[in-house]
Every structure is written in C-alpha cells, then in structure tokens.
Amino acid sequence: MELFQWITEPFQYGFLTRALVVTLAAALVSAVLSCWLILMGWSLMGDAVSHAVLPGVALAYIVGLPFSLGAFAFGAGAVALIGFVRSTTKLKSDTVIGVVFTSMFAVGLIIVSATPSQVDLGHILFGNVLGVNDAELWQVLLLGALTLIVLLFKRRDLTLYAFDPVHAHAIGLSTRLLSALLLGLLALTVVVGLQAVGIILVVAMLITPGATAFLLTRKFTTMLAIAAGLAICSSIAGIYASYYFDISTGASVVVAQSLLFFCAYLFAPHTGMLMKSRHAAERP
C-alpha cells in the first residue's frame, strides 16, 4: 500500500473525519486544562467530575435533552457539593471527593439499569466518537473553543493561583472566583471529552498529557505547548490505530497518550529513570 493511500484511506469515510475532529478538539482542551490540574494537585477532582456526570447524562437521554446539558449540570453540582461538604466537616478533600463521585456514579448506574431500553450504557461510559453527527460535532467544537478561549484569556491569573494562591490573593485576585472558574471549565471539558472517549477514559485525557509535559519541562508555557502537541499526536495515532486494527477509538487514543507518558518517564532529559540511572553510574 502506498504511503499516500495509507494516510488518506481512513478519511474517505465522513464518520472517521468527524471522529478525528471531535477527538482532536476534546484532546486539545483536556491537555491544556490538565496542566493546571497537575500543578494544583486536582487530578482526583477531574476523576470525580467525570464520574459524577453519569446521572445527568442518563436523565438527559431519557427526557430527550442534549446530554451535554445534563452532564454540565451534574458536573457543576458535584463540584458545589464537594465544596459544601468539605467546608462543613473536618474530612480531607480526597475523602469527600471519593464519597461524592462514587455516590453520584452509583445513582447514574441505577438510572441506567432502570431504563435499559432508553440508555446505551456503553456509549455513555466509553464514548461513541464514530457515531458523532454534525450537530454533536458543532457542539463539541463550540464548547471546546469556549473553554480554550477562557483558559488562555485568564492564563496569567490561573497560573499565579496555581503556583502561589497566597500571593494571588494579596495582589487583589479573588482566589474563590478563580477556583470556581477552573472547576466550571473542568465540567465543560468533561462534557467535551465525553463524546470522544466516554466517562471512564476522559479521566486519562485530563491527567496524562499534563503529567507527561511536567516530566519534560519546568516552564509552564512550554508545558502547555508540549501537552497540546502530545494530545494532537496521540489523537491522530489513535484514530489510525482504531481504523487499521479495528479497535476502540477512545481507548486507542488513551493508550497512545499512556505510551508517550512512559517514554517521558524513562527518557526525559532530567527526570527520566534511565537518564537518572545513567548519571548515577557515571558518578565516581
């Protein structure tokens, strides 16, 4: 098979072209946001929000509303509930997050099991990127663009808040509003990623690119660029792998991201395990 034919063959099908665009949008937005989540230690919050939207998605399917409305409503609700419980008890954040997201995920499973004919659990949990229609495509692009624009517009304030919230408060920034903004953008990003990889795998898209970039650089601007580039490369690789090997598209993208992470883990110039071993062996 000629190289050009090998490259262009998958995109003779409209559904694969739409799948690539949706996956690129979801991966790019998730990668950029993941950099802030990694710096702030909010990875578990991304996990919580992604699982907590299941009841909203299920209810939206049942009543015939766009699933994004239900997902965003329950994602924002989960964030608010976590904040309320954390502020009114002496429990640590990870405990509260674990209780809230597992409870809401269980409620979602009950709703799904009670209405098996109306809700396709597989599509909710693992995405259905190959079944994206034009309306869903534009929805993902608009939500993704909105999230990305806000992140880039507020990047200085959000970065200062991530590195030094005390200083951010001292110079007049509202850390409460910045926290709420970041959590709201997290909920929107989960909605964007759901269509591509589903509830379970969107967690990986919200963590892995930022974690990989963190191993490769200590400059935040460079970290954003690396995370975005890795997300784009892994999305393209995942689409091709799913087409030529007839495997799950979302899982292929996540596996590609994971492989890049382990390459960085082993070979990163200053933090890679093999590089550390090599430098240790060279010491007298």
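Whatever comes next refers back to the structure up there.
Please read all numbers here as calculations on a predicted model, not as lab measurements.

About the thresholds
- Residues numbered from 1 in each chain as written.
- Predicted model: local features only at pLDDT ≥ 70, side-chain atom pairs only at ≥ 80, totals over all residues.
- Heavy atoms only, no water.
- Core = buried A, V, L, I, M, F, W, Y, C linked by side-chain atoms within 4.5 Å.
- Buried < 20%, exposed > 50% of the residue type's maximum accessible area, 1.4 Å probe, protein only.
- Helix = DSSP H or I, 4+ residues; strand = E, 2+ residues; numbered from the N terminus.
- Salt bridge = Lys/Arg side-chain N within 4 Å of Asp/Glu carboxyl O.
- Contact = heavy atoms within 4.5 Å.
- Axes fitted to C-alpha atoms, helices over the stretch in contact; angles between N-to-C directions.
- Parallel < 35°, antiparallel > 145°, perpendicular 65-115°, else oblique.
- Left-handed = near helix turned anticlockwise from the far one by under 90°.
- Nonpolar A, V, L, I, M, F, W, Y, C, P; charged D, E, K, R; others polar.

*Asks:* Before we move on, can you summarise the nonpolar core with the specific residues and values?
*Replies:* With 72 residues, the main nonpolar core has W36 and L186 as its most contacted residues. A total of 20 residues in this core trace back to one element, the largest contributor, which is helix α11 (residues 175–216).

*Asks:* Before we move on, can you summarise the pattern of salt bridges with the specific residues and values?
*Replies:* Where charged atoms from two side chains of opposite charge approach closely, those side chains can pair. Under the criterion given, the structure shown has two salt bridges. Here D134 makes a salt bridge to R18, at a shortest N to O gap of 4.0 Å. Here D134 is found in helix α8 (residues 134–153), whereas its partner R18 is found in helix α2 (residues 14–40), with 116 residues between them in sequence. For R18, a relative accessible area of 25% puts it in the partly exposed group.

*Asks:* Please set out the environment of L59 residue by residue, giving values where relevant.
*Replies:* Among the structural elements, L59 can be located in helix α4 (residues 54–63). Since its relative accessible area comes to 35%, L59 is described here as partly exposed. For the pair L59 and M273, spaced 214 residues apart in sequence, the C-alpha to C-alpha distance is 46 Å. Contact partners of L59, with chain neighbours within four places excluded, come to F74 and I111.

*Asks:* Describe in detail the packing of α2 against α11, supporting the description with residues and values.
*Replies:* Interhelical geometry of α2 versus α11 gives an angle of 55 degrees and a closest axis separation of 5 Å. Our classification of the angle between α2 and α11 gives oblique. Handedness of the α2/α11 crossing: right-handed. Looking at side-chain class alone, the contact of α2 with α11 contains 23 nonpolar, seven polar and no charged residues.

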